[in-house]
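Residues per chain are reported as follows:
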Amino acid sequence: MASVLDLKVGNYVKVGTTNTQLTQQDIDDIANNIKTYTPIALTITWLTDLGFVVYYDNSVNLIFYNKENVYIYLSPVRLVADIYFNDSLEASVDCVHQVQNVYLALQGGVMLSK
């Protein structure tokens, strides 16, 4: 699997002060230091905007998010999302574009977008 830190067309990051869905031109401009970007921190809103459904397990006081066979456990204490696929931990990430990249790798080319 490619690094979840790599920027891909369709990723959401903050370019300047604006949340931006990246184009190839944006990525080229970032690579050439014409533009800079800041990763977007994961929030409940971002996960639901990306199509994940929120589930609550009151028996263990746990909140998780699901889309297809991908499950995300977002820790409010660690500010990290653990991503599981078929009950196996695949990655721990903390930014929107990283969730998109892991999902892309696990689902065979389907990029998450709002």
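Not measured: the values here are computed from a predicted model. Residue positions are given per chain, counting from 1 as you read along its sequence in written order. Confidence filtering applies because this is a predicted model: local features only for residues at pLDDT of at least 70, side-chain atom pairs given and counted only at 80 or more, and all residues used for totals across whole chains, interfaces and linings. Derived side-chain values reflect all non-hydrogen atoms in the structure, with water molecules and hydrogen atoms excluded from consideration.

## Remarks on the side chain of aspartate 26
Point 1. Only DSSP runs of H or I covering at least 4 residues are called helices, and only runs of E covering at least 2 are called strands; the numbering of each starts at the N terminus. Following the sequence through the fold, aspartate 26 ends up in helix H1 (residues 24-31).
Point 2. Here the term buried applies to any residue with accessible area under 20% of the maximum for its type, exposed to any over 50%, and partly exposed to those in between, with areas from a 1.4 Å probe on protein chains only. Relative accessible area serves as the criterion here: at 9%, aspartate 26 is assigned to the buried category.
Point 3. Any two residues having at least one pair of non-hydrogen atoms within 4.5 Å are treated as being in contact. Once residues lying within four places of it in the same chain are set aside, the contact partners of aspartate 26 are Thr20, Gln21 and Lys35.

## Digging into the nonpolar core
Point 1. By size, the foremost hydrophobic cluster in this structure holds 21 residues, and its most contacted members are Phe52, Ile72, Ile83, Val93 and Val99.
Point 2. Breaking this core down by element, the ones donating at least two residues are helix H2 (44-49), strand E6 (70-75), strand E7 (80-85), strand E8 (88-93) and helix H3 (96-106).
Point 3. Residues Leu7, Val13, Ile27 and Ile30 belong to the second largest nonpolar core, which totals 6 residues. Note on terminology: a nonpolar core comprises buried Ala, Val, Leu, Ile, Met, Phe, Trp, Tyr and Cys residues joined through side-chain atoms within 4.5 Å.

## Topic: the packing of aromatic side chains
Point 1. In summary, the pairing rule links any two rings of Phe, Tyr or Trp, Trp by its six-membered ring, whose centres are within 6.5 Å, and it sorts them by plane angle into stacked for under 30 degrees, edge-to-face for over 60 and tilted for everything else. In this structure the tally under the stated criterion is 6 aromatic pairs.
Point 2. Between tyrosine 55 and phenylalanine 64, the aromatic rings sit 5.4 Å apart at their centres with planes inclined by 20°, giving stacked as the arrangement.
Point 3. For tyrosine 55, a relative accessible area of 36% gives the class partly exposed.
Point 4. Ring centres of tyrosine 73 and tyrosine 84 lie 5.3 Å apart, and the angle between their planes is 90°; this geometry places the pair in the edge-to-face category. Taken together, the residues tyrosine 73 in strand E6 and tyrosine 84 in strand E7 connect sequence positions 11 residues apart.
Point 5. According to the relative accessible area criterion, tyrosine 73 is partly exposed, its value standing at 26%.
Point 6. On the basis of relative accessibility, which here comes to 26%, the residue tyrosine 84 falls in the partly exposed class.

## What to know about the sheet that holds strand E1 (residues 12-15)
Point 1. Here, a strand pair is defined by DSSP locating no fewer than two bridges between the strands. Spatially, the 3 strands line up as an open sheet ordered E2-E1-E3, and their pairing is antiparallel. A strand with exactly one partner marks an edge of an open sheet, and here the two such strands are strand E2 (18-21) and strand E3 (37-38).

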